[in-house]
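Remarks on the overall topology
One letter stands for each residue in the lines below.
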Amino acid sequence: MNIIECDKVAFVKNGNTILQNVSFVVGEGDIVGITGPSGSGKSSLLRLVNLLQSPTKGNIFYKGKNILDYNPMLLRREIGYVLQKPYIFAGTVYENLVYSYTVRNLQPDKAEMLAFMDKVNLTPDFLDKKRNEMSGGEQQRVAFVRSLLVKPEVLLLDEITAALDEANTEILENFIRQQTETKNITIIFITHNIEQLRRLAQNVICIKDGQIDFQGTAQKYFSSREQ
Amino acid sequence: MSNWALALTYILPTIAIIISYRERLGLERDIIIGSIRAVIQLSIIGLILKFIFSLDNVFITSLILLIMVYNATLVAAKRGEKIVHAKRISFVSILLSLIITLGALILVKAISYTPGEAIPISGMVVGNSMIALGVLYKNLADSFFDRRDEVEVKLCLGAKPREAARGLIRNSIKLAMAPTVDSMKTMGIVQLPGMMTGLILAGTAPEIAIKYQIMVMFMITGSVTIAGFSASYWAYRSFFNDKAQLYDI
Ligand SMILES: Nc1ncnc2c1ncn2[C@@H]1O[C@H](COP(=O)(O)OP(=O)(O)OP(=O)(O)O)[C@@H](O)[C@H]1O
Ligand SMILES: [Mg+2]
């Protein structure tokens, strides 16, 4: 079943066409990689899917229903989005992670937080750290855990390994793969890293100048590149 | 103080005009017009107040208070250009704060609803709420610009606009209240408030003047808080659309 469907989506901002005629489908439990030159509109596309902005033209469907017909808050809890610029709120990491529970009116579960943090190679002492006491890569992983704790069905990841070394990138990739295998979470991730695309993506969407330049299986993408 | 002596005090703005002229501050015109306007406005108000006090009519008193609130609304709303319905929000918030605080004082019989008491006290309360709302709007708009990322991240996690904006809202209420709280803390040490000074100069015993001052101080604190709270939780909405998205600023 297709969990997300974009139908001829266009996005215009201040008279500039940022996305144009973008159509694709994403199956449940898929891992889709989006790539393309800087400024081509990748982040803008994810913002639309998360309903941080509405498309100017075209429609986006989630589970067969137009996303505009959902309660935006409930939709965003199902379609999580880890932004390109990780933003850690003032306060400790613990307080940041608590937010993911209070937003759903749940009691914070510290054991669960620690378990997720462990999966992305963050030790328990990070709970007391503040944002200015962490590196860019550490902040990115905290932001990732914070989004995961909301228990989304789809997770949009915007270059979240951009600031990570190889070892931590691999840890994160394995964790992402494991999430889709065990919880059937659908992943759409943006990357400039062609090797990451090869390792992680089942399907690839390549965006150029706000339009889809390629879409298909990863296999097809790489064989077309080799020619 | 004789009228002649009062006229002579115009020496002081004259000094300001001379300095402005010499230093090319370009304020001469404003000072001349401003001082003349102040004299005319206060004289007219003096006459009107004299008349209204003599009428002692509840409806006219209420009408005067409404006009006061309306004028304050226009001034506060000017600072809230980015806020939709800034006028409506300001009017209701200032009026609400006035009704609650004035109502409480009348209820405990601290003052009576006579023009002589209600009008000057309301003037101070409304004036302070007006300044507080101006600060609040400016700060709220600035925060939504500066802290856009924070609000969007919270929205992404599924927060309602009100939750996503809560930190900004609280901060702007705090900033709007800061001058009131500070002046309460330093009252009598740094400044003898205008009202108390006025009463004492006019011959009221200091201990009575102080009683009134304390009451007004508390009343201002209460009303600034009520107005700020009401306005901010109303005004934040203008930064979001019906899909819980931030508008571009
Ligand atoms: N808030 C904005 N207002 C106007 N234009 C914007 C805004 N944000 C992005 N753009 C423009 O939209 C285009 C696409 O931006 P977007 O952030 O989606 O690119 P991207 O593919 O994610 O790039 P990168 O790989 O560098 O992150 C760019 O040309 C950018 O200048
Ligand atoms: Mg981007």
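All of these numbers come straight from a predicted model, not from anything done at the bench. (Residues numbered from 1 in each chain as written. Chains lettered and ligands numbered in written order. Predicted model: local features only at pLDDT ≥ 70, side-chain atom pairs only at ≥ 80, totals over all residues. Heavy atoms only, no water.)

Thoughts on the domain arrangement of chain B
Residues and elements named next belong to chain B. What the domain assignment lists for chain B is domain 1 (1–55) and domain 2 (58–239). In this structure, domain 1 and domain 2 have C-alpha centres spaced 27 Å apart. Between domain 1 and domain 2, the contact holds four residues from the first and five residues from the second. Here domain 1 packs against domain 2, burying approximately 380 Å² in sum over the two surfaces, 95% of which is carbon and sulfur. (Domains from an automatic or database assignment. Contact = heavy atoms within 4.5 Å. Buried area = accessible area lost by both parts, 1.4 Å probe.)

Description of helix α5 (residues 136–148) of chain A
Its 13 residues give α5(A) an end-to-end C-alpha distance of 18 Å, which sits within 8% of 18 Å, the value for a rise of 1.5 Å per residue. Buried residues of α5(A): A:Gly137, A:Glu138, A:Gln139, A:Gln140, A:Arg141, A:Val142, A:Ala143, A:Phe144, A:Val145, A:Arg146, A:Ser147 and A:Leu148, and no others. Buried residues belonging to α5(A) abut β6 (79–82), α3 (93–102), α4 (110–119), β7 (154–158) and α6 (166–183) of chain A together with α7 (148–156) of chain B. (Helix = DSSP H or I, 4+ residues; strand = E, 2+ residues; numbered from the N terminus. Expected span 1.5 Å × (residues − 1). Buried < 20%, exposed > 50% of the residue type's maximum accessible area, 1.4 Å probe, protein only.)

Focus on the site of ligand 1
Residues and elements named next belong to chain A. Around ligand 1 lies a shell of 13 residues, among which Ser-38, Gly-39, Lys-42, Ser-43 and Ser-44 are the nearest. At 2.8 Å from an oxygen atom of ligand 1 is found a side-chain nitrogen or oxygen belonging to Lys-42. Within the complex, 60% of the 630 Å² of free accessible area of ligand 1 lies under protein. Considering every element that reaches the shell around ligand 1, the biggest residue donor is helix α1 (residues 42–49), with three residues. (Near = heavy atom within 4 Å. Polar contact = N/O pair within 3.5 Å; in protein donor to acceptor, adjacent residues only side chain to side chain. Areas by Shrake-Rupley, 256 points an atom, 1.4 Å probe, with all protein chains shown as cover.)

Here's the deal with the packing of aromatic side chains
This structure, assessed with the given rule, holds 12 aromatic pairs over all chains. Judged by centre distance (6.0 Å) and plane angle (90 degrees), the rings of A:Phe144 and A:Phe175 are edge-to-face. With A:Phe144 in helix α5 and A:Phe175 in helix α6, this residue pair connects regions lying 31 residues apart in the sequence. A:Phe175 matches A:Phe144 in its accessibility class, with the two residues each being buried. Each ring, one from A:Phe214 and one from A:Tyr221, has its centre 5.1 Å from the other, and the planes form 55 degrees; the classification is tilted. Each of the two residues, A:Phe214 as well as A:Tyr221, counts as buried. By way of ring pairs, the aromatic residues B:Phe144, B:Tyr236, B:Phe239 and B:Phe240 are connected into one cluster. Over the aromatic face of A:Phe222 sits the side chain of A:Arg198, whose NZ or CZ is 4.3 Å from the ring centroid. The ring of A:Phe89 is capped by B:Lys154, whose NZ or CZ atom sits 4.6 Å from the centre of that ring. (Phe/Tyr/Trp six-rings, centres within 6.5 Å; stacked < 30°, edge-to-face > 60°. Lys NZ or Arg CZ within 6 Å of the ring centre and 35° of its normal.)

Here we look at the coordination of the magnesium ion (ligand 2)
Here the magnesium ion (ligand 2) is held by A:Ser43 (OG) and A:Gln84 (OE1), and the distances to it run 1.9 to 2.2 Å. Here the residue A:Ser43 occupies a position in helix α1, and A:Gln84 occupies one in the loop between β6 and α3, the gap between them amounting to 41 residues. (Donors = N, O, S within 2.8 Å, 3.2 Å for Na, K, Ca; no water.)

A word on the pattern of salt bridges
All told, the structure shown has 15 salt bridges over all chains when counted by the stated rule. Residue A:Arg47 pairs with B:Glu152 through a salt bridge whose shortest N-O separation is 2.8 Å. With one member in each of two chains, A:Arg47 in helix α1 and B:Glu152 in helix α7 form a pair that bridges those chains. Assessed through its relative accessible area of 15%, A:Arg47 is described here as buried. Residue B:Glu152 is classed as buried on the basis of its relative accessible area of 5%. (Salt bridge = Lys/Arg side-chain N within 4 Å of Asp/Glu carboxyl O.)

Section: the sheet that holds strand β4 (residues 57–62) of chain A
Residues and elements named next belong to chain A. Taken in spatial order, the four strands make up an open sheet running β2-β1-β4-β5, and their pairing is antiparallel. Two strands bound the open sheet, and with one partner strand each, they are β2 (16–27) and β5 (65–66). Across two bridges, β4 lies against β5 in antiparallel orientation. Within the sheet, the bridge partner assigned to Tyr-62 lies in β5 and is Lys-65. (Pairing = 2+ DSSP bridges.)

What about the interface of chain A and chain B?
Taken together, the contacts link 22 residues of chain A with 18 residues of chain B. Contact between chain A and chain B buries roughly 1900 Å² in total, counting both sides, with carbon and sulfur atoms accounting for 57%. For chain A, the biggest contributors to the area lost against chain B are A:Arg76, A:Tyr87 and A:Tyr99; these three give 27% of the whole. Seen at the junction of chain A and chain B, the total is three salt bridges. For B:Asp149, the salt bridge goes to A:Lys85, with nearest N and O atoms at 3.0 Å. Applying the counting rule to chain A against chain B returns nine residue pairs in polar contact (both at pLDDT 80 or more). Taken together, the elements giving at least two residues each to the side of chain A that touches chain B come down to α2 (72–78) and α5 of chain A. Looking at which element gives the most residues to the side of chain A that touches chain B, the answer is α2(A), with four residues. Taken together, the residues of the side of chain A that touches chain B sort by class into 12 nonpolar, four polar and six charged. (Nonpolar A, V, L, I, M, F, W, Y, C, P; charged D, E, K, R; others polar.)

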